[in-house]
Every structure is written in C-alpha cells, then in structure tokens.
Amino acid sequence: MGNFEQERYIKKKWMYSKSRKHNHKMFIELILLILTILILCSILIFASQVLMKYGLYNLNAALFFMLVMGALCFALAVYYANRIMVPQVLVFFLTEDRHLFYIDARNGIEFVNRGIIGVLQTYWRADKRLNQFREAREVPALANDILCVKNIRTRRKDTSAVCYVRRWNGKLINQTVFIDNNLLDAASLMQELEFRKKSAG
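A.B. asks: Please provide a residue-by-residue account of the side chain of R8, values included.
C.D. replies: For R8, the location among the structural elements is in the loop between helix 1 (3-7) and strand 1 (10-14). Of the side chains with opposite charge, E138 comes closest to the buried, unpaired R8, at an N-O distance of 6.2 Å. Within the structure, R8 has its side chain in polar contact with the backbone oxygen of P140 (distance 2.4 Å). Excluding residues within four positions of it along the chain, R8 makes contact with T95, F101, R137, E138, V139, P140, A141 and A143.

A.B. asks: Quick one: what's the story with the packing of aromatic side chains, residue by residue and with numbers?
C.D. replies: Counting across every chain of the model gives two aromatic pairs. When the centroid spacing of 6.0 Å and the interplanar angle of 40° are considered together, the rings of F92 and Y102 count as tilted. You can see F92 sitting in strand 2 (residues 90-95) and its partner Y102 sitting in strand 3 (residues 100-104), a full ten residues away along the chain. Seen in terms of ring centroids, F93 and F133 are 6.3 Å apart; in terms of plane orientation they differ by 90°. Their pairing is edge-to-face.

A.B. asks: Quick rundown of the pattern of salt bridges? Include the residues and the values.
C.D. replies: Applying the stated criterion to the full structure yields seven salt bridges. Across the salt bridge formed by R98 and E192, the nearest N and O atoms sit 3.2 Å from each other. With R98 in the loop between strand 2 and strand 3 and E192 in helix 5 (residues 186-199), this pair connects stretches of sequence that are 94 residues apart. Look at E192 and you get buried, because its relative accessible area is 10%. Among the salt bridges present, the one from R106 reaches D104, with a minimum N-O distance of 2.7 Å. Using a relative accessible area of 11% as the deciding quantity, one classes D104 as buried. A network of salt bridges, in which partner residues are shared, links R98, E192 and R196.

Reading guide: rules and limits
- Residues numbered from 1 in each chain as written.
- Predicted model: local features only at pLDDT ≥ 70, side-chain atom pairs only at ≥ 80, totals over all residues.
- Heavy atoms only, no water.
- Helix = DSSP H or I, 4+ residues; strand = E, 2+ residues; numbered from the N terminus.
- Buried < 20%, exposed > 50% of the residue type's maximum accessible area, 1.4 Å probe, protein only.
- Lys, Arg positive; Asp, Glu negative; His and termini not counted.
- Salt bridge = Lys/Arg side-chain N within 4 Å of Asp/Glu carboxyl O.
- Polar contact = N/O pair within 3.5 Å; in protein donor to acceptor, adjacent residues only side chain to side chain.
- Contact = heavy atoms within 4.5 Å.
- Phe/Tyr/Trp six-rings, centres within 6.5 Å; stacked < 30°, edge-to-face > 60°.

Below, the structure written as structure tokens:
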C-alpha cells in the first residue's frame, strides 16, 4: 500500500449523532422547516384578513406584513442552513498519521431540479452518503485536508472554526466549518482543532 493510501486510512471519524441513527433525518427536518415557514405565512395572512375585516388594513399594513413575512422566512432559512443543516452534513476523519479531513456530504451532488425540489433531492442524497461515510474505512476522495486552524469560536449550540484547508482538487483556501455540540465525541475533535491552532502559532 502506498503512502497516499496509508494517509487516507481512517483512524477515527466524527459524525452528527442523529445522522448515525436515522435515515433521511436531514430530509425530514428540511420538510419541517418548509412547513414551519408555510404556517408562519398562513398566520400572517390570517392576521391581515382580520385587519381587513375591521377596516384596519391599508397600504402601510400590507407593506409591514410583507416585510415581516420576508424577514422571517429569510432568517429561518439562513439560521437553519448555517447552524443546523451544515453541521449535520459535515463528517470529520482522522488518519493514522494524524491528518484531519472533513467532507460535506452534499459535495459532488448535481442538481437535477431547481428550487425547493432540487434542495430536497440534494439532502435526500446527502443522507444516503452519510450512511456510506459511516461504514467507510478510507477517507473519501472529495474530502478536504485541514492544514491549520486560524480561529475557533465556541457558542452555546455549536463551534465555528476558520481553517486553512487543501481542498480535494489541490486548491488552498480559508474555510469556516461549523461543529454541532451534538457531534459524537466532539471534545476529541476540538482537541485536534486546538492542536492545529497552536501549531499555526
């Protein structure tokens, strides 16, 4: 076995705890997000109908409800994407020679459809990939190598780390990864990230 193959042999891996136990967990959560947005929009529409019934609905009220509806939908989508969905699709791998890799389960998935249908299909396929990563013995080809960590910020529910990484295609970039506190054995992963931060000086 060559050096490259030895370096990619997995010693330890970290996955979001729920993604190891439930098939299509992210797909179901994405459906729930869409339903939540639809319910909020329905409530605002109902409220506007009540105001209209009592003659209190005018142009200003219409603009207000449109702004509130748009802001709520945008805030929910951004929060859910960055703080909930992203940590679930990330899998971290430590090799025998202590190289730390990570991969986004959505990488390489082509959009067959656009819009909401395309997003749902992507996360459906990402869930299947997570099951494959759970059984993997070697680091997947599309994984990124974390060379050093520039900054770590810990919050109540997650941690963000600004990393200098070598992407699967050889390109060197700075990238922020989000680590959910529900990650299995998150403490040992944080130790690996802290080690790379100290090594970077």
